[in-house]
Each structure stands twice: as C-alpha cells, then as structure tokens.
Amino acid sequence: MIAKLGRKFTRRGRAAAFAVRERVGWHRKVRGRPGARLGVYVAYFDAAEIFDLHLSALQSNASGPFNYYVMRNCTSREEASSFDEIVARFGFPTVFRPWPEFEPHTHGESLQRMLRQTDDETILVCDVDAFPVEPGWDDYVLAELETRDAVGVLAHIPDRTGLKTYLHPCFLAVRRSFLDVHQLDVLPHGDGDPCCRVTERLIALGRFDARAVSPLLPTSHEVELFPQFRHEPAFGSANLRHGFGTTYGGRVFHLWFWRMVARRVPVRSSDGAILVTAEQMETVMRKLKTRFGVIATAAGGTAAR
C-alpha cells in the first residue's frame, strides 16, 4: 500500500515538473525533415487499429515531403507496442510522449505541446481517424493558404449549445503566423473542440466566409446522423449533414468518434438516443479496410491500395 502511494505521488510530482517546463518553454525545438513543406500534427489515442491506414494515406497521397508529429497517447503496454511497431515500419513520424507514460494528454494539450516544440509555418492538424483519399492533399493545402487564412473540414453539429458550424480539427490547415498574430492556441474551451478559437477569431474578424476560408463540405456518408435537424446554409451550401464515416470535398475521409469505435461502444446523442451502433461501426471498419487496405511496397514501407 505504501509503495503504491509512493508511486502515485512520484507520478504526480513528475507530471507537475513536466507542466512547469512546458509553461516556461524549457523543452528544445524538434527539427523536421529537410525540405518539408508543412507539418502534420496528430493527437493519437489507442488507435493502432487504424493508424497504419492513416499514415499510409498521408504518405502515398502526398506530392512532396512533409513533417509528421504524433503524441504517443497509449493507455497500455500492448497498445504502445503496436504503436511503436507501426511507427518503425513507416519511419517518418516524429514521436512525442506524454509524461507520465500511459497517462495520455488531452487532444488539445497534445496538439498545443507539439506546436510549441516545432516551427513549421504551415500547420495541418489532423485526427488519427482521418486521412486524404485523393492525391495532392499537400499541394491543395499550400495553394489554398496562399490566399486564405484557413482550409479544412467544415463540421455542423446542430445539437451543440455553442458554436454549431466550425472548422473541425480532423483536417484543418492554418499558418503559424496567423496563430501568432492573433495570439491563438489550439486548446478547447466551453463545448468547443481543439482549434475552435480559429473559427471564433475568423467570425470576430468578419472573415468566416469564402474570402478567407476554403471549406471542405460533406460529399458522402457511411451513416447519416441528425436527419431530424434543419441545416442552416453556410458557405453557400445547405449540404452540411453530419455523419459517421464522412468524406469531405471528395478529398478527406473522417471516421468520427474514434474513442468509441476503438471499444465498439455505441455513439449516443445528448438525450441518450443511439446514433451509431457497434454493429454499424464494425461494418464501416470492414468496408474501410477493404477499400483503403494497406499493402507492403517494394521499399519495405506501405501504401494505400
């Protein structure tokens, strides 16, 4: 019992010391790959089942070199072993680790820490259950950001009490200079997701429109959600239907609800109604693995089918 309490207080002490180092900026900057044109930031969480597909899609659909940063949020040694094996197989991810180990950072904290320790000017925040489905995702992001402040998935979740239509962190690109000038972090607040301050600032500036944003609108769904709601138009479109397993702009797929999918726990609405069953999750996962399955390449890496 005494030993257990001692380990508990030791973990807390180390976590507190780590937090202090974070606040004062004592962590060194991480160097990216030579010639990388942008940085991709991912807050992994027990996602070995889909991680290789995510990495494969980013790699095989890229036109040029990019940096890839991922927070190793694993809750067990088995998960961590799977994560390490996948990273070793691909080779290109730069791994950050929470401290203490097996006590994951939150989504926003993971992203914020990685951003503080890197210096890529073009930033793409991406969920671990999201990935490009067409080649040239990096060319597209870089070209759009030449004339706009942000490019990314436009989510509309009508049963939220706060911001209902916003740029979602499953696939959202901005310039670091935009965050710095407007003193923005990527932490959530209220009922908003990580990066919600980007949308809030654009609204405050009167620039949450096509002049400053390139939105990726939903183009198909595996399972439609919220059919009972009327969707207010945004960016000239009323096609803002939210779904489980949604493709946006024909360019990016986002599974949604990964933590529940990983455990096959049904997704419920705010009033407790089941939106996505475990059986639907299993069906969509099988379909994904068939459509976007991963195969070995001659170089020993991987590529999407």
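Figured I'd write up the structure that's included with this text.

The rules behind these values
Residues numbered from 1 in each chain as written. Predicted model: local features only at pLDDT ≥ 70, side-chain atom pairs only at ≥ 80, totals over all residues. Heavy atoms only, no water. Helix = DSSP H or I, 4+ residues; strand = E, 2+ residues; numbered from the N terminus. Buried < 20%, exposed > 50% of the residue type's maximum accessible area, 1.4 Å probe, protein only. Contact = heavy atoms within 4.5 Å. Areas by Shrake-Rupley, 256 points an atom, 1.4 Å probe, with all protein chains shown as cover. Right-handed = clockwise from strand over helix to strand, strands pointing away. Pairing = 2+ DSSP bridges. Phe/Tyr/Trp six-rings, centres within 6.5 Å; stacked < 30°, edge-to-face > 60°. Axes fitted to C-alpha atoms, helices over the stretch in contact; angles between N-to-C directions. Arc of directions from axis to C-beta. Salt bridge = Lys/Arg side-chain N within 4 Å of Asp/Glu carboxyl O. 1 Å grid on protein atoms, 1.4 Å probe; cavity = no way out; pocket = protein on both sides within 12 Å on 5 of 7 lines; lining within 4 Å. Points joined across faces, edges and corners; volume = space filled by probe spheres on them. Nonpolar A, V, L, I, M, F, W, Y, C, P; charged D, E, K, R; others polar. Core = buried A, V, L, I, M, F, W, Y, C linked by side-chain atoms within 4.5 Å.

1. Comments concerning the overall build of the protein chain
Here comes step 1: The helix and strand inventory of the protein chain stands at nine helices and 15 strands.
Here comes step 2: For the protein chain, the proportion of its 305 residues judged to be buried stands at 49%.
Here comes step 3: Contacts spanning at least 24 positions in sequence make up 69% of the contacts within the protein chain whose residues lie at least 6 apart.
Here comes step 4: Counting only carbon and sulfur atoms, one obtains 52% of the accessible surface of the protein chain, whose full area is about 14,300 Å².

2. So, the pairing of strand β2 (residues 67-71)
Here comes step 1: Most of β2 is tucked away, with five of its five residues classed as buried.
Here comes step 2: Here β2 shows two buried faces, one formed by Asn 67, Tyr 69 and Met 71 and the other by Tyr 68 and Val 70.
Here comes step 3: In this region the chain leaves strand β1 (residues 39-43), passes through helix α2 (residues 48-60) and returns to the parallel neighbour β2; the handedness of that crossover is right-handed.
Here comes step 4: Two elements, β2 and strand β3 (residues 94-96), share three bridges in a ladder whose sense is parallel. Counted as the bridge partner of Tyr 69 is Thr 94 from β3.
Here comes step 5: Handedness of the β-α-β unit built from β2, helix α3 (residues 77-90) and β3 comes out right-handed.

3. A word on the packing of aromatic side chains
Here comes step 1: For the structure shown, the criterion picks out 13 aromatic pairs.
Here comes step 2: A ring pair is formed by Tyr 44 and Phe 83, whose centres lie 4.8 Å apart and whose planes are at 75 degrees; its orientation type is edge-to-face. Separated by 39 residues along the polypeptide, Tyr 44 in the loop between β1 and α2 and Phe 83 in helix α3 bring together distant segments of the chain. Just as Tyr 44 is buried, Phe 83 falls in that class too.
Here comes step 3: Between Phe 90 and Phe 92, the ring centres sit 6.1 Å apart and the planes meet at 90 degrees, which makes this aromatic pair edge-to-face. A single burial state applies to Phe 90 and to Phe 92, both of which are buried.
Here comes step 4: In this structure an aromatic cluster arises from ring pairing among Phe 66, Tyr 68, Phe 90, Phe 92 and Trp 137.

4. Looking at the sheet that holds strand β4 (residues 122-126)
Here comes step 1: Here we have seven strands laid out as an open sheet, ordered β3-β2-β1-β4-β7-β6-β8, and mixed in their pairing. Sheet topology places β3 and β8 (213-216) at the edges, where each strand pairs with a single neighbour. Across the sheet, the axes of successive neighbouring strands diverge by a mean angle of 25 degrees, strand direction being ignored.
Here comes step 2: Sheet topology places strand β6 (residues 150-156) next to β8; four bridges connect them, and they run parallel. Of the residues in β8, the one forming a bridge with Ala 150 is Val 213.
Here comes step 3: Its contacts with the sheet place α2 against β1, β2 and β4, and it is angled at close to 165 degrees to β2.
Here comes step 4: Together, β1, β2, β3 and β4 form the strand contacts of helix α4 (residues 107-116), whose direction differs from that of β1 by roughly 150 degrees.

5. Remarks on helix α5 (residues 137-144)
Since the α-helix packs 3.6 residues into each turn, any two residues three or four apart lie on the same face.
Here comes step 1: All of the buried residues along α5 are Trp 137, Asp 138, Tyr 140, Val 141 and Glu 144. Burial along α5 is one-sided: seen end-on, the buried residues are contained in an arc of 160 degrees.

6. Section: the pattern of salt bridges
Here comes step 1: One pass over the full model with this rule turns up 14 salt bridges.
Here comes step 2: Salt bridges here are not isolated pairs; linked through shared partners, they connect Glu 49, Arg 264, Glu 282 and Lys 289.

7. Some remarks on the layout of surface pockets
Here comes step 1: Within this model, the largest pocket holds a volume of roughly 780 Å³.
Here comes step 2: Considering the residues around the largest pocket, the lining is formed by 31 residues, among which Arg 160, His 168, Asp 193, Trp 256 and Phe 257 are closest to the centre.
Here comes step 3: Listed by contribution, the elements that provide at least two residues to the lining of the largest pocket are β7 (165-175), α8 (258-263) and β12 (267-268).
Here comes step 4: Here the lining of the largest pocket is built from residues that sort into 15 nonpolar, eight polar and eight charged.

8. Section: the nonpolar core
Side chains of a nonpolar character, in soluble globular proteins, are inclined to be buried together.
Here comes step 1: The biggest cluster of nonpolar side chains holds 58 residues, and the ones touching the most others in it are Val 40, Tyr 44, Phe 51, Tyr 68, Phe 171, Leu 255 and Leu 288.
Here comes step 2: With seven residues, the top contributor of residues to this core is α2.
Here comes step 3: Filtering out sequence-adjacent residues up to four positions away, Leu 255 remains in contact with Ile 50, Asp 129, Phe 244, Gly 245, Val 261, Val 284, Met 285 and Leu 288.

9. Examining the sheet that holds strand β10 (residues 243-248)
Here comes step 1: Taken in spatial order, the four strands make up an open sheet running β5-β11-β10-β9, and their pairing is antiparallel. Each edge of the sheet is formed by a strand with only one pairing partner; in this case those strands are β5 (130-132) and β9 (218-224). Mean inter-strand twist for the sheet, computed between neighbouring axes without regard to direction, equals 15 degrees.
Here comes step 2: Here three bridges tie β10 to strand β11 (residues 252-254), and the two strands are oriented antiparallel to one another. When the bridges of β11 are listed, Thr 247 appears paired with Phe 253.

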